[in-house]
Structure formats: C-alpha cells, structure tokens
Amino acid sequence: MTLDEARALDAADPLAAYRAQFALPEGVIYLDGNSLGALPKATPAALADVATRQWGDRLIRSWNEGWIDAPQRIGAKIAPLIGAAADEVIIGDTTSTHLFKALVAALRANPDRHTVLSEAGNFPTDLHIAEGAVACVPGARLKVVARADLAEALDEDTAVLLLTHVHYKTGERFDMTAWTARAHDAGALMLWDLSHSVGAVPIDLNGADADLAVGCTYKYLNGGPGAPAFIYVATRWQDRLASPLSGWMGHAAPFAFEDAYRPAPGMKRWLAGTPAMLSTAALETALDLWADIDQHAVAAKSARLFDILAAAGDALGLDCVSPRDPAQRGSHISFRHPHAHAITQALIAHGVIGDFRDPDILRLGLTPLYLSHEDVWCAGEMLKKIVETGEWQNPQYSERLAVT
Ligand SMILES: *Cc1c(COP(=O)(O)O)cnc(C)c1O
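Residues numbered from 1 in each chain as written. Predicted model: local features only at pLDDT ≥ 70, side-chain atom pairs only at ≥ 80, totals over all residues. Heavy atoms only, no water.

Chemist: Honestly, the UniProt feature "modified residue: N6-(pyridoxal phosphate)lysine" (unreviewed entry) in the protein chain in this entry has me stumped. Any pointers?
Modeler: If you check UniProt for "modified residue: N6-(pyridoxal phosphate)lysine" (unreviewed entry), the listed places come out as Lys219 in our numbering. You can see Lys219 is positioned in the loop between strand S9 (212–215) and strand S10 (229–233). Excluding residues that lie within four positions of it along the chain, Lys219 makes contacts with Gly33, Asn34, Ser35, Gly37, Ser195 and His196. (UniProt positions renumbered as here; feature names shortened; annotations may be inferred. Helix = DSSP H or I, 4+ residues; strand = E, 2+ residues; numbered from the N terminus. Contact = heavy atoms within 4.5 Å.)

Right, dumping it as structure tokens:
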C-alpha cells in the first residue's frame, strides 16, 4: 500500500468523522486503545458537571436525579454492542470482581459439577480470579489446559467454561456460537470475557445462547482508566444465580435497611456497594458516542487497518502471531520478536504508542473510531525504519517500566 492509497481509503471511510470526537495529542499515533481507550472530547465537561453541579450543587439529591439508576441505564447502552437485551446487563465494579461473582454463582448453581475449565495463557486476572473463586466453593477446582485440548477437557464434571473471546496477546478469537454449544452439550455453563472484543468486533451473546459474560469498558469503549466493568446474565438465569458479594446495593430494598439479605430481582443483585459516580459518568459519556455506530463498519475498517500493518510486518519478515482471517481475530495485531520490548520503546519514542506483552510480543491496537488509514500506514513505515536501521538497539530502549 502507498500513502496515496491509504489516503483514498480515508476519503471513503464511513467512520472518519468520529476521529474529531476524540482528544488525541499532536504528534502521536495511538495504537494502544485496546489497553486504554482514548479520551472522548465530551468527557472532561461531563466530569466537570458531575463534580461541580451534580455533586457540588445538588449534593445528595443527585442520587434521585439519575445516579442511583445509572448502573442499569448504562448497562442498557452496552447491551446492543454485545447482542443482549437491555435488562441483561449492568455496570459496576471491575472485570475481575464480576468474574469472581459469576464463577462462584455458576459453581453454586451446579452443585453436582465441580470444575471451572479455562485456557492456559488466558488473561492473568481470569485465571487468578478463577483460582480464588474455586477456593471459596467446597469441592470446586480449576482446570487449565491448552486451547487445543479444551474440547476434550470439557466433561461431565465441568460446571462452567470460562473463555476470553479475543486473546489479549495473539488476538485470536473463539467462535462464540460453536464454543457455547460445546459447553452446553457437555452440560456446562458458558462464561465469556469480552474485554478485548467489545467495541472491536460484532458480538451476539443472545444469538450464541451464552449464559454469562463480563467485560472491560476502558479499552475499546473509551470509558476512562479503571472505568466500571459490565456483567451480562441471560434472562433465563437471572432468578437462579445469586452474587456471592451480597452487598446492600444488590438488595431487593436497600433503603428498607433490613438485617437479612434478599437479592434484588433482575440484574441489580450483581451490584455490591455504592456506584463510583465520577467514573460512571465518564463511561456514560463515552458510550453515547457508540449509539449510532454500525459494528460491522467498525469490523470492516479494523480488517483494512490490520492489512496495512500486516504488510509492513511481512516486508520485514516479522512473525505475525495474529490470525490472517478477520473472522478469527479481534482488533489488534501482534508480532513475536526476541527484541519486542526494545522495538516497542523505540516506536513510543517516535510517537507511535503500542505496547509490549511479556516475553516477546509487540502489540498494536487498531481502533477504527479514531485511527485513520494514514495513521496506521505511517506507523508501519516507522516500524520498518526502526527494525531496518536497528535503531531499537540503542540502550535507552531496554529500560523496563512498571507498566509495559
Ligand atoms: C483487560 C482485561 C481484564 C481487566 O480486568 P480488570 O479487573 O479491569 O483489571 C480482564 N480480562 C481480560 C481478558 C482483559 O483483557
């Protein structure tokens, strides 16, 4: 691809106008929106309104002026992005906390079965939380196997299959319908982690007949650092599953101040404590951008952006570990290289922000709402320059920071 061809794609891009809705720094090509999404221009004013008017002026009255219902209202805004009904999603807590609640609830609902099955190399918190969840349910255990062995490991003891839809390192995507059916055929519940796929690829939880799902909102959804996560529970399970974190916000009548816990009907029972309204407001503002966006247009643009970087990698002979078939991946591209860390640092020094995933992965996120084809073309040229000149060998690029 040439620069002119990239520009021609931008001229015909149905999503091009969204870029103006984001505050991106000058001189930066941001390829890390899969880790921390960019700032929507509307967010600072929304946060200022929460701080000065809603909190400063309205004080506690704000709980009855839109705060108390925010978790469900915002869940309903996420629902169309994941193929769920409006009353099957709620936001709050973190993805890690939602995973814990969902796993313990699924194990308790299925007392004849004891195993949580997941994939080796899944995102660390998923496996760490699963370890903690099984320790809370007598007899439960965690089984972690390689992707190739998952189908065989599903058996009559599997209570729940926990899979991350799009792999955070390689970008590989599970076929949601096929794996949900496999879990169900084995008599297990299916729990999807959508952190790396929501806002990146079209998702249809209801179409796939999925039972449970959780996901991040600070990645492709641009909710802000540590934004509240979401949890989905299929309608058919809502009365049968209960959160082990039985906090007052999930009580049927929190302001009746009863001693005994009674779970609220519907999704509210998945709340535990008081919603964090500052970060909740930032998330809601970011989601309003998604209201008219066609997920298929996002996926189509993501595929073209991928091809631009894949071509740059091919020209350098790099080992691309992400699938070439767009239906089998998310919206990032990863290259394996023994010096991936130094290459990532050299790219960042030149304003191309990607990230490094231990031990040898250079990961570049492709966010169709605010990246142009030209941006991605320029990033590919910078990658070529850094690898071809060996500039990454400069000792300044080998220093490791706490967050890579
Ligand atoms: C980013 C990510 C998380 C993050 O969980 P937090 O609780 O928000 O830290 C969890 N799972 C997957 C698969 C992720 O990609």
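Chemist: It is not clear to me how the packing of helix H10 (residues 295–316) against helix H12 (residues 373–389) should be interpreted in this structure. Could you clarify?
Modeler: Helix-helix packing is characterised by the crossing angle of the two axes and by the distance between the axes. At their nearest, the axes of H10 and H12 sit 9 Å apart, and the two run at 15 degrees to each other. It follows that H10 is roughly parallel to H12 by the angle criterion. Note that H10 runs across H12; the crossing there is right-handed. Contact residues: Lys301, Arg304, Leu305, Ile308, Leu309, Ala312, Ala315 and Leu316 in H10; His373, Val376, Trp377, Ala379, Gly380, Leu383, Lys384, Val387 and Glu388 in H12. Split into classes, the residues belonging to the contact of H10 with H12 amount to eleven nonpolar, two polar and four charged. (Axes fitted to C-alpha atoms, helices over the stretch in contact; angles between N-to-C directions. Parallel < 35°, antiparallel > 145°, perpendicular 65-115°, else oblique. Left-handed = near helix turned anticlockwise from the far one by under 90°. Nonpolar A, V, L, I, M, F, W, Y, C, P; charged D, E, K, R; others polar.)

Chemist: Just to check I follow, could you spell out the packing of aromatic side chains for this structure?
Modeler: Geometrically, a pair of aromatic rings is defined through the distance of the ring centres and the angle of the planes. Considering all chains together, one arrives at eight aromatic pairs under this definition. Between the aromatic rings of Phe123 and Tyr168, the centroid separation amounts to 5.0 Å while the plane-to-plane angle is 80 degrees, which identifies the pairing as edge-to-face. Taken together, the positions of Phe123 in the loop between strand S5 (115–119) and helix H5 (124–135) and Tyr168 in the loop between strand S7 (158–164) and helix H7 (176–185) put the pair 45 residues apart, joining distant regions of the chain. Considering the side-chain rings of Phe174 and Trp192, the 6.2 Å spacing of their centres and the 55 degrees angle between planes classify their relative orientation as tilted. Highlighted residues: Phe174 in the loop between S7 and H7 and Trp192 in strand S8 (residues 189–193), separated in sequence by 18 residues. The exposure classification of Phe174 matches that of Trp192, with both residues buried. Put simply, the rings of Phe174, Trp179 and Trp192 touch in pairs and so form one group of aromatic residues. (Phe/Tyr/Trp six-rings, centres within 6.5 Å; stacked < 30°, edge-to-face > 60°. Buried < 20%, exposed > 50% of the residue type's maximum accessible area, 1.4 Å probe, protein only.)

Chemist: How should I be thinking about the site of the ligand in this particular structure?
Modeler: As a matter of local geometry, the ligand sits amid 13 residues, with Ser96, Asp193, His196, Tyr218 and Lys219 nearest to it. One of the side-chain nitrogen or oxygen atoms of Asp126 is found 3.0 Å away from a nitrogen atom of the ligand. Within the contact set of the ligand, an oxygen atom lies 2.6 Å away from a side-chain nitrogen or oxygen of Lys219. Taking 390 Å² as the accessible area of the ligand by itself, protein coverage stands at 87%. Counting residues per element, the ones that place at least two in the shell around the ligand are helix H4 (95–109) and H5. Of the residues that constitute the shell around the ligand, the class distribution is three nonpolar, seven polar and three charged. (Near = heavy atom within 4 Å. Polar contact = N/O pair within 3.5 Å; in protein donor to acceptor, adjacent residues only side chain to side chain. Areas by Shrake-Rupley, 256 points an atom, 1.4 Å probe, with all protein chains shown as cover.)

Chemist: Help me out: how do you make sense of a nonpolar patch on the surface in this one?
Modeler: A surface patch of nonpolar side chains, amounting to about 520 Å² of accessible area, comprises Leu47, Trp55, Leu59, Ile60 and Leu278. Position of Ile60 among the secondary structure elements: in the loop between helix H2 (43–57) and helix H3 (70–82). (Patch = residues over 30% accessible without salt bridge, like charges linked within 9 Å, V, L, I, M, F, W, Y side chains within 5 Å. Salt bridge = Lys/Arg side-chain N within 4 Å of Asp/Glu carboxyl O.)

Chemist: Even after reading the chapter, I still don't get the UniProt feature "binding site: pyridoxal 5'-phosphate" (unreviewed entry) in the protein chain, so can you show me in this structure?
Modeler: Sequence positions flagged by UniProt for "binding site: pyridoxal 5'-phosphate" (unreviewed entry) are, in local numbering, Thr95, Ser96, Phe123, Pro124, Thr125, Asp126, Thr164, Asp193, His196, Tyr218, Trp248 and Thr274. The annotated residues occupy 180 residues of the chain and do not converge on a single region, their most distant C-alpha atoms lying 30.6 Å apart. Of the annotated positions mentioned, Phe123, His196 and Tyr218 line the largest pocket. Its place among the elements puts Asp193 in strand S8. Setting aside anything within four residues of it in sequence, one finds Asp193 in contact with Thr95, Leu99, Asp126, Leu163, Thr164, His165, Val214 and Gly215. Checked against the element boundaries, Tyr218 lands in the loop between S9 and S10. (1 Å grid on protein atoms, 1.4 Å probe; cavity = no way out; pocket = protein on both sides within 12 Å on 5 of 7 lines; lining within 4 Å.)

Chemist: In this structure, what is going on with the environment of Ala312? I would like to understand it.
Modeler: Take Ala312: it is sitting in helix H10. Using a relative accessible area of 4% as the deciding quantity, one classes Ala312 as buried. Taking the C-alpha atoms as reference points, Ala312 and Gln345, separated by 33 residues in sequence, lie 18 Å from one another.

Chemist: Can you help me understand the packing of H4 against H5 in this one?
Modeler: In contact at an axis separation of 9 Å, H4 and H5 are set at 40 degrees when each is read in the N-to-C sense. Taken together, H4 and H5 sit at an angle that is classed as oblique. As for the relative orientation of H4 and H5, their crossing is right-handed in sense. Taking contact as the criterion, the partners of Ser96, Leu99, Phe100, Leu103, Val104 and Leu107 in H4 are, on H5, Thr125, Asp126, Ile129, Ala130, Gly132, Ala133 and Val134. Tallied by class, the residues present in the contact of H4 with H5 amount to nine nonpolar, three polar and one charged.

Chemist: In this structure, what is going on with the sheet that holds strand S12 (residues 332–336)? I would like to understand it.
Modeler: Whether parallel or antiparallel, the strands of a sheet pair through hydrogen bonds between backbone atoms. Read from one edge to the other, the open sheet built from four strands follows the order S11-S12-S15-S14, with strand pairing classed as antiparallel. The open sheet has two edge strands with one neighbour each: strand S11 (319–320) and strand S14 (355–357). Bridging between S14 and strand S15 (residues 361–365) involves three bridges; their strand directions are antiparallel. Residue pairing for S15: Asp355 is matched across the bridge by Arg363. Across the sheet, H10 lies against S11, S12 and S15, angled at about 15 degrees from S12, the strand it touches most. (Pairing = 2+ DSSP bridges.)

Chemist: For this particular structure, what's the right way to read the side chain of Thr344?
Modeler: Inspection of the secondary structure assignment puts Thr344 in helix H11 (residues 340–349). For Thr344, a relative accessible area of 1% puts it in the buried group. Setting aside residues up to four positions removed in sequence, Thr344 forms contacts with Gly354, Asp355, Phe356 and Leu362.

Chemist: Teacher, can you tell me more about empty space enclosed by the protein here?
Modeler: A full pass over the atoms with the stated rule returns one cavity of 30 Å³ or more. As a volume, the largest cavity reaches approximately 50 Å³. Gly199, Tyr220, Asn222, Trp290, Val298, Thr367, Pro368, Leu369 and Tyr370 together form the lining of the largest cavity. Here the residues of the lining of the largest cavity sort into six nonpolar, three polar and no charged. Each of domain 1 (3–30 + 294–398) and domain 2 (46–290) gives at least three residues to the lining of the largest cavity. (Points joined across faces, edges and corners; volume = space filled by probe spheres on them. Domains from an automatic or database assignment.)

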